[in-house]
Amino acid sequence: MPRYFFNAYSGICFMQDDEGQSFPDLEAACGHARQVAEQFWADLSASVVREAVTIEVTDESGQEFTTVRFHADTELVRSPSIS
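Numbering of residues starts from 1 in every chain and runs along the sequence as written. Restriction of local features to residues with pLDDT of at least 70 applies here, the model being predicted, together with a cutoff of 80 or more for giving and counting side-chain atom pairs; totals for whole chains, interfaces and linings are based on all residues. Hydrogens and waters are ignored; side-chain quantities use all the structure's heavy atoms.

Asks: Tell me what's going on with the environment of Gln21, and back it up with residues and numbers.
Replies: Checked against the element boundaries, Gln21 lands in strand β3 (residues 21-22). A relative accessible area of 36% places Gln21 in the partly exposed class. For the pair Gln21 and Met1, spaced 20 residues apart in the sequence, the C-alpha separation amounts to 9.6 Å. Pairs of residues are marked as contacts when any of their non-hydrogen atoms sit within 4.5 Å. Residues within four places of Gln21 in sequence aside, it is in contact with Pro2, Arg3, Tyr4 and His32. We define a polar contact as two N or O atoms separated by no more than 3.5 Å, with the added condition that, inside protein, one atom must be a possible hydrogen donor and the other a possible acceptor, whereas residues neighbouring each other in sequence contribute only through side-chain atom pairs. Of the polar contacts made by the side chain of Gln21, one reaches the side chain of His32; its length is 3.1 Å. Strands are runs of DSSP state E lasting at least 2 residues, helices are runs of H or I lasting at least 4, and numbering of each runs from the N terminus. Working definition: with a 1.4 Å probe on protein chains only, accessible area under 20% of the residue-type maximum means buried, over 50% means exposed, and in between means partly exposed.

Asks: Describe in detail the pairing of strand β1 (residues 3-10), supporting the description with residues and values.
Replies: Judged by how many residues are buried, β1 sits mostly within the fold: 6 of 8 residues are covered. The pairing criterion is simple: DSSP has to find at least two bridges between the two strands. The pairing of β1 with β3 spans 2 bridges and is classified as antiparallel. Looking across to β3, one finds that Arg3 is bridged to Ser22. Here 5 bridges tie β1 to strand β4 (residues 52-58), and the two strands are oriented antiparallel to one another.

Asks: I'd love a proper account of the packing of aromatic side chains, names of residues and values included.
Replies: The aromatic pairing rule takes the rings of Phe, Tyr and Trp, using the six-membered ring of Trp, and pairs them if the centres are within 6.5 Å, calling planes under 30 degrees apart stacked, those over 60 edge-to-face and the rest tilted. Enumeration over the complete set of coordinates arrives at 2 aromatic pairs. Centre to centre, the rings of Tyr4 and Phe65 are 6.0 Å apart; their planes meet at 65°, and the pair counts as edge-to-face. A residue pair is termed long-range when its members are at least 10 positions apart, and Tyr4 in strand β1 and Phe65 in strand β5 (residues 64-71) qualify at 61 residues. Phe65 matches Tyr4 in its accessibility class, with the two residues each being buried. Relative to Phe23, the ring of Phe6 lies with its centre 6.0 Å away and its plane at 85°, an arrangement referred to as edge-to-face. Taken as a pair, Phe6 in strand β1 and Phe23 in the loop between β3 and α1 (26-43) lie far apart in primary sequence, 17 residues in all.

Asks: Tell me about the side chain of Glu56, residues and numbers included.
Replies: With respect to the secondary-structure elements, Glu56 resides in strand β4. We treat Lys and Arg as the positive residues and Asp and Glu as the negative residues; His and chain ends play no part in the count. Salt bridges are counted wherever a side-chain nitrogen of Lys or Arg sits within 4 Å of a carboxyl oxygen of Asp or Glu. The buried charged residue Glu56 lacks any salt bridge, with Arg69 as its nearest oppositely charged partner at 10 Å. Ignoring any residue separated from it by four or fewer positions in sequence, one finds Glu56 in contact with Phe5, Phe6, Asn7, Tyr9, Glu64, Thr66 and Thr67.

Asks: Run through the nonpolar core, naming residues and quoting values.
Replies: Residues enter a nonpolar core if they are buried and are Ala, Val, Leu, Ile, Met, Phe, Trp, Tyr or Cys, with the set joined through side-chain atoms within 4.5 Å. If you look at the biggest cluster of nonpolar residues, it comprises 19 residues, and the most contacted ones within it are Tyr4, Phe6, Val53, Ile55, Val57 and Phe70. Going through the elements one at a time, β1, α1, β4 and β5 are the ones with two or more residues in this core. Sequence-distant contacts of Val53, defined by excluding residues within four places in its chain, comprise Ala8, Tyr9, Ser10, Ala37, Phe40, Trp41, Val68, Arg69 and Phe70.

Below is the structure:
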């Protein structure tokens, strides 16, 4: 099963995923990206504006497959998958 990594950033805050998780496919990994974004928001200092969080979904080699952008008051916006 492929291993995916979820790097999160919002403005000046960045969190690199060094562990990753296994998912059956990219679609399942992108579904998990929402949970990553929610956890990232929860970990941000209360003084940081939570306008948007971008999650980069990568593989073990660091190749970016897609980015998923979350806004505090809207649904996710997913960029096209990278071939």
